Amino acid sequence: MTHSQLLEMKDKELEVVQGSVYNLSQLNNFEEMVKEYNATTNKDLTYDDSKPFDMNVYFYAEKCGQILTFYVKDKYNNCYGFGIVRLVFNIHIACIEGAVESIYVTPAARKLGKGKELLDAMFAKAKEFGCKCIELSAPYGSRLERVYMRKFEPKDTTFFHVL
C-alpha cells in the first residue's frame, strides 16, 4: 500500500463496532469481503465449497448467545473487516473460554491498526462475559498464523481429522 493510499484510508474514519451478524451481513461490500475471507481459510475443513461461510449457522449461534460479532466499517457502511468470538465452557479449566472463530481485515484496511483494535474489542467483551482466556487459531502457514506468532505465546497444539 502506498503512502497516499494509506492516508486515503485514514480519512475514511474506520471504526470497530460490536453488532449483530445481521447488521454485518447488511454492510455494502459484505459479500465481496466474504469471498476474500473464504480464500484465506483452510479448505480441508470446509464442508461445502459452495457456501463455506453459511450465515444461517452464525445467525443461530448468535441467537443462542454463543457468539459475539464485531466489524470494521466506515461512515458509508462499507465493511473493512470482521471478527467473531465463540463463547464456550472449558471443562478442563472450569471457566468460560472465548475462541476467535473468525477474523478478517481487508487488505485496504491493514496497517492502520484496525486488526489490533478489532482483537482488543473482542478480548474486552469476552472478558466482560467472564472469559479467562481466548483461544486463537489460524490456518497452518497463513498470514494470520504469522501475525499470531509475533503477538501471542503458543500454548497448545490442535489437530483436526476431517471425517
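Look up a bit, the structure's there.
Scoring rules and cut-offs
Residues numbered from 1 in each chain as written. Predicted model: local features only at pLDDT ≥ 70, side-chain atom pairs only at ≥ 80, totals over all residues. Heavy atoms only, no water. Helix = DSSP H or I, 4+ residues; strand = E, 2+ residues; numbered from the N terminus. Buried < 20%, exposed > 50% of the residue type's maximum accessible area, 1.4 Å probe, protein only. Contact = heavy atoms within 4.5 Å. Areas by Shrake-Rupley, 256 points an atom, 1.4 Å probe, with all protein chains shown as cover. Pairing = 2+ DSSP bridges. Axes fitted to C-alpha atoms, helices over the stretch in contact; angles between N-to-C directions. Core = buried A, V, L, I, M, F, W, Y, C linked by side-chain atoms within 4.5 Å. Patch = residues over 30% accessible without salt bridge, like charges linked within 9 Å, V, L, I, M, F, W, Y side chains within 5 Å. Salt bridge = Lys/Arg side-chain N within 4 Å of Asp/Glu carboxyl O. Lys, Arg positive; Asp, Glu negative; His and termini not counted. Charge placed at Lys NZ, Arg CZ, Asp CG, Glu CD. Right-handed = clockwise from strand over helix to strand, strands pointing away. Polar contact = N/O pair within 3.5 Å; in protein donor to acceptor, adjacent residues only side chain to side chain.

**Description of the overall build of the protein chain**
In step 1: Counting its regular elements, the protein chain contains six helices and five strands.
In step 2: The order of helices and strands in the protein chain, counted from the N terminus, is α-β-α-α-α-β-β-β-α-β-α.
In step 3: For the protein chain, with 163 residues in total, the buried portion stands at 35%.
In step 4: Of the contacts made within the protein chain by residues no fewer than 6 positions apart, 64% connect residues no fewer than 24 positions apart.
In step 5: When the accessible area of the protein chain is evaluated, it comes to approximately 10800 Å², of which 52% is carbon and sulfur surface.

**Examining the sheet that holds strand 5 (residues 133-136)**
In step 1: A sheet is described by the order of its strands in space; here five strands give the open sequence 1-2-3-4-5, paired in mixed fashion. The strands lining the two open edges of the sheet, one partner per strand, are strand 1 (15-19) and strand 5. Pairwise comparison of adjacent strand axes, ignoring direction, gives a mean angle of 25° for this sheet.
In step 2: Examined bridge by bridge, strand 3 (residues 79-90) and strand 4 (residues 95-105) share ten bridges and lie antiparallel to one another. Residue Leu87 lies in a different strand from strand 4, and its bridge partner there is Gly98.

**Looking at the nonpolar core**
In step 1: Counting 19 residues, the largest nonpolar core has Val85, Ile103, Leu118 and Met122 as the members making the most contacts within it.
In step 2: The element best represented in this core is helix 5 (residues 114-128), accounting for four residues.
In step 3: In this structure, Ile103 is in contact with Tyr37, Phe82, Gly83, Leu118, Leu119, Met122, Leu144 and Tyr148, ignoring residues within four places of it in sequence.
In step 4: Judged by nonpolar contacts, the second largest core, of 17 residues, contains Leu27, Met33, Ile84 and Tyr104.

**Details of the environment of Val34**
In step 1: Inspection of the secondary structure puts Val34 in helix 3 (residues 30-40).
In step 2: Classification of Val34 by relative accessible area gives buried; the value is 7%.
In step 3: Taking the C-alpha atoms as reference points, Val34 and Phe82, 48 residues apart in sequence, are found 9.6 Å from one another.

**As for a positive patch on the surface**
In step 1: A cluster of like positive charges, contributed by Lys111, Arg143, Arg146, Arg150 and Lys151, occupies part of the molecular surface.
In step 2: Positionally, Lys151 belongs in helix 6 (residues 143-151).

**Considering the pattern of salt bridges**
In step 1: Within the structure shown, the criterion is met by five salt bridges.
In step 2: For the salt bridge of Glu15 with Lys73, the shortest nitrogen-to-oxygen distance reads 3.6 Å. On the criterion of sequence distance, the pair formed by Glu15 in strand 1 and Lys73 in strand 2 (residues 67-73) is long-range, its members being 58 residues apart.
In step 3: Judged by relative accessible area, Glu15 falls into the partly exposed class, the value being 38%.

**Some details on the pairing of strand 4**
The two faces of a sheet get side chains in turn, since along a regular strand they alternate between them.
In step 1: Most of strand 4 is tucked away, with nine of its eleven residues classed as buried.
In step 2: If you look at the hairpin formed by strand 3 and strand 4, you'll find four residues sitting between the two strands, and Ala94 has a positive phi there, around 50°.
In step 3: Direction of pairing for strand 4 relative to strand 5: parallel, over a ladder of four bridges. Paired with Ala99 across the strands is Glu135, a residue of strand 5.
In step 4: In this region the chain leaves strand 4, passes through helix 5 and returns to the parallel neighbour strand 5; the handedness of that crossover is right-handed.

**Focus: the side chain of Thr69**
In step 1: Relative to the elements of secondary structure, Thr69 occurs in strand 2.
In step 2: In terms of polar contacts, Thr69 uses its side chain to reach the side chain of Glu62, at 3.0 Å.
In step 3: For Thr69, the contacting residues outside a window of four places in its chain are Val17, Gln18, Gly19, Ser20, Val21, Leu24, Glu62, Gly83 and Ile84.

The quantities given are spatial measurements derived from coordinates; they are silent on function.
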